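Observations on chain architecture
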Amino acid sequence: MIRPIREQGDPVLAQMAREVLPEELGTPAIEAVIDDLVSTLRSTTGVGIAAPQIGESLRICVVDRPLTILINPVITPIGSEVDVSWEGCLSVPGMRGEVQRAQTVRVQAVNRRGGKIDAIWTKFRAIVAQHEVDHLDGILYTARATDTQPDGSLRSRKPHPSVEQPLGERVAVTGRKTFVVDSEKPVGGKQYVGFTFEGRGKLVGLRLQPGSAIVSGVWLSGVRLRKSGYKAGAAEAAIAGMEGLHLAAGDQLRIELQVLKKHRIVAEADVDFT
Ligand code: NI
């Protein structure tokens, strides 16, 4: 469930969050918090989120790319090198700030199954980890920023538009597969093709026939991948850059189209499942 993101001034963001007890791991309550953190993060342009940001004063945070769930994280700076970067925060919309952080950190935590995480992170990932763990201590980056400036790039992404009936859906299981969505009869107007993938994998090819339809949007699990504004005849080009997209279990890839004439639409996606 996508939850509202608490913003600066909300008391939960200023609290020291409590540790998750070992016996709480795997309980429906904790699992729901983790799932909601991931869903909420994916509905935004952010790269990390912490439980207090959805109103849960618990030591749980998520760092994306790749998606990593940290429970009871402890961060220890390694060495004295620092990086200065412009940070943003979903709880402080419309602003960025210059913050100095350790360049390399040791991250110790447990995952949602209680497995130990003990890793060395550097640069961007180290910065995100330090930012998220600060949230668990009731600290916003604005308290550390040496400079701030307005910025509109951190925001919630637009949700799915309402659409007509889908042309079809196919579900993937394992291995290298090609998925075909076929409208079977000519269609026109606003349509979408949707693929639902099961298992982790990588998109290695995507084709759309005819290529003359106008792509008005591409979404992966509700997150808009590209802005609209594709030109007529640009369908092939618009989806060409989707190769290499990493897919998680349950991800839905959706391509919204304007089909100008009556056409039979065929979409094919090649996926390597790992
Ligand atoms: Ni933040």
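Up top is the structure.
Starting from 1, residues in each chain are numbered consecutively following that chain's sequence as written. Under the rules for a predicted model, residues below a pLDDT of 70 receive no local features and side-chain atom pairs below 80 are neither given nor counted, while totals for whole chains, interfaces and linings still include all residues. Here the side-chain values reflect all heavy atoms present in the structure, with hydrogen atoms and water set aside.

1. Observations regarding the coordination of the nickel ion
Listed donor atoms are N, O and S within 2.8 Å of the metal (Na, K and Ca: 3.2 Å). As water is not included, a site may look incomplete. Within the protein, the nickel ion binds to Cys-89 (SG), His-131 (NE2) and His-135 (NE2); these donor distances fall in the range 2.1 to 2.3 Å. For the nickel ion, the donor residues sit on a single chain with the sequence spacing C-x41-H-x3-H. With Cys-89 in the loop between strand S4 (82-88) and strand S5 (95-102) and His-131 in helix H2 (residues 123-136), the pair connects residues that are 42 residues apart, well separated along the chain. A 1.4 Å probe rolled over the protein chains alone gives each residue an accessible area, and that area as a share of the maximum for its type sets the label: buried under 20%, exposed over 50%, partly exposed in between. With relative accessibility at 2%, the residue Cys-89 sits in the buried group. Strands here mean DSSP runs of E at least two residues long; helices mean DSSP runs of H or I at least four residues long; both are numbered from the N terminus.

2. What about unusual backbone geometry?
Geometrically, the link from Arg-65 to Pro-66 is a cis peptide bond, its omega value of -5° lying close to zero. Tracing the backbone through its elements, the reader meets Pro-66 in the loop between strand S2 (60-63) and strand S3 (68-77). A positive phi angle, near 60°, is found at Arg-65, a position not held by glycine. One can find Arg-65 in the loop between S2 and S3. Accessibility expressed as a relative area gives 58% for Arg-65, which makes it exposed. Even without being a glycine, Asn-72 presents a positive backbone phi close to 50°. Within the element layout of this structure, Asn-72 appears in strand S3.

3. Observations concerning the sheet that holds S3
The five strands lie next to each other as S1-S2-S3-S6-S7, forming an open sheet whose pairing is antiparallel. Strands at the two margins of the open sheet, each flanked by one partner only, are strand S1 (48-50) and strand S7 (116-122). Mean inter-strand twist for the sheet, computed between neighbouring axes without regard to direction, equals 40°. Here the rule is simple: two strands pair whenever DSSP picks up at least two bridges between them. With seven bridges joining them, strand S6 (residues 104-110) and S7 adopt antiparallel strand pairing. Paired with Arg-106 across the strands is Ile-120, a residue of S7. The strands touched by helix H1 (residues 28-42) are S1, S2 and S3; relative to S2, the strand with the most contacts, the crossing angle is about 35°. Note on contacts: a residue pair qualifies if any of its non-hydrogen atoms lie within 4.5 Å across the two residues. The axes are straight lines fitted to the C-alpha atoms, using for helices just the contacting stretch, and the angles between their N-to-C directions are given from 0 to 180°. Packing of H2 onto the sheet brings it into contact with S1, S2, S3, S6 and S7, and relative to S2 it is tilted by some 155°.

4. Quick word on the environment of Asp-10
Within the fold, Asp-10 resides in the segment before H1. Here the alpha-carbon distance between Asp-10 and Ser-91, two residues 81 residues apart in the chain, equals 9.3 Å. Of note is the side chain of Asp-10, whose polar atom sits 3.1 Å from the side chain of Arg-6. Side-chain atoms alone can form a polar contact between residues adjacent in sequence; in general such a contact is a pair of N or O atoms within 3.5 Å, and within protein one must be able to donate a hydrogen while the other accepts it.

5. Details of the pattern of salt bridges
For salt bridges, the criterion is a side-chain nitrogen of Lys or Arg within 4 Å of an Asp or Glu carboxyl oxygen. Scanning the entire structure with this criterion turns up 11 salt bridges. Here Glu-56 and Arg-3 are joined by a salt bridge, their closest N and O atoms 3.0 Å apart. With Glu-56 in the loop between S1 and S2 and Arg-3 in the segment before H1, the pair connects residues that are 53 residues apart, well separated along the chain. Taking the relative accessible area as the measure of exposure, Glu-56 reaches 23% and is therefore partly exposed. Under the relative-accessibility criterion, Arg-3 is labelled buried at 17%. In this structure, Asp-134 engages Arg-144 in a salt bridge whose closest nitrogen and oxygen atoms are separated by 2.6 Å. Of the two residues, Asp-134 sits in helix H2 while Arg-144 sits in the loop between H2 and strand S8 (147-150), which places them 10 residues apart along the sequence.

6. A look at H2
Given the number of residues in a helix, its expected span is that number minus one, multiplied by 1.5 Å. Look at H2: 20 Å from first C-alpha to last across 14 residues, which is about the 20 Å you get at 1.5 Å a residue. With 12 of its 14 residues buried, H2 lies for the most part within the structure. Regarding H2, the residues found buried are Arg-125, Ala-126, Ile-127, Val-128, Ala-129, Gln-130, His-131, Glu-132, Val-133, Asp-134, His-135 and Leu-136. Just downstream of H2, Gly-138 is the residue with a positive phi angle, here 75°.

7. Some thoughts on the nonpolar core
Put simply, buried Ala, Val, Leu, Ile, Met, Phe, Trp, Tyr and Cys residues joined by side-chain atoms within 4.5 Å make one nonpolar core. Leu-203, Leu-253 and Leu-257 are the most contacted members of the largest nonpolar core, which totals 22 residues. Only strand S10 (187-196), strand S11 (201-209), strand S12 (214-220), strand S15 (252-263) and strand S16 (266-273) provide two or more residues apiece to this core. Not counting chain neighbours up to four residues away, the residues in contact with Leu-257 comprise Gly-189, Lys-190, Gln-191, Val-193, Leu-208, Ala-213, Ile-214, Val-215, Ser-216 and Ile-265.

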